[in-house]
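Summary of the model geometry
Each chain, letter by letter, is given below.
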Amino acid sequence: MQKQEEHQHRNKWFFGFQFCLRLLSIGATLAASYLILTSKQITTIFGIVADARYSYSTAFRFFAYANIVACALSLLCFLFLLIGPKPPNVKKCFVMFLHDLIVTILLMGACGAAAAIGYVGKYGESHIGWAAICDNFSKFCNRVILSLVFSFLALIFYLFLTITSANKSRG
């Protein structure tokens, strides 16, 4: 009897942990998507009007779309967690593990690509002759940085979700 109560307690803990982290990942990917999609700035440099937008960079477009996909998949998995069988069975946990692993890898690639381009935007690349743009487009760069912070938070949440799902799926 005590073993069954302990098993139920672990299932409640697992459900609560999954519930909280999935909710946080939805919020983080939604915030990252919103910030990157609305990041644009128009400024005048030496009398020439110039603008910066996320859509000018393929890495930033990939980052934006990856966060949208991660948000949508997070929402679907969140609903699956709420509606699915209780207590969670091994099959359900394995499906959640695969989902979490795929979203983790997607976010990892998107964050890496956007961070690399963001670094070049902030510091430039003198060997190639690329100038830093963040001195002139500080509002744009700050929104991109904030978007990256939210996306990296979502990546951390998904890393924990992947670990807990993998642990639970092994039975």
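What comes next concerns the included structure. (Residues numbered from 1 in each chain as written. Predicted model: local features only at pLDDT ≥ 70, side-chain atom pairs only at ≥ 80, totals over all residues. Heavy atoms only, no water.)

Looking at the overall build of the chain
When its secondary structure is counted, the chain shows 4 helices and 2 strands. The order of α-helices and β-strands along the chain, N terminus first, is α-β-β-α-α-α. Taking all 171 residues of the chain together, the buried fraction comes to 38%. Counting only contacts in the chain whose residues sit at least 6 apart along the sequence, the fraction spanning at least 24 positions is 79%. (Helix = DSSP H or I, 4+ residues; strand = E, 2+ residues; numbered from the N terminus. Buried < 20%, exposed > 50% of the residue type's maximum accessible area, 1.4 Å probe, protein only. Contact = heavy atoms within 4.5 Å.)

Things to note about the nonpolar core
I36, F60, F63, F140 and V144 are the most contacted members of the largest nonpolar core, which has 16 residues in total. Residue assignment for this core shows that the elements contributing at least two residues are α2 (58-83), α3 (90-123) and α4 (138-169). Setting aside residues up to four positions removed in sequence, F60 forms contacts with I36, Y54, A114, I117, G118, F140 and V144. Of all hydrophobic cores here, the second largest spans 10 residues; its members include A70, L107, A154 and Y158. (Core = buried A, V, L, I, M, F, W, Y, C linked by side-chain atoms within 4.5 Å.)

A few points about the state of the cysteines
Within the structure shown, the criterion is met by 1 disulfide. The disulfide partner of C134 is C141, and the S-S distance across this bridge is 2.0 Å. Here the disulfide of C134 and C141 is left-handed, its torsion about the S-S bond being about -90°. Judged by its relative accessible area of 12%, C134 is buried. Its relative accessible area of 7% is what places C141 among the buried residues. (Disulfide = S-S within 2.5 Å.)

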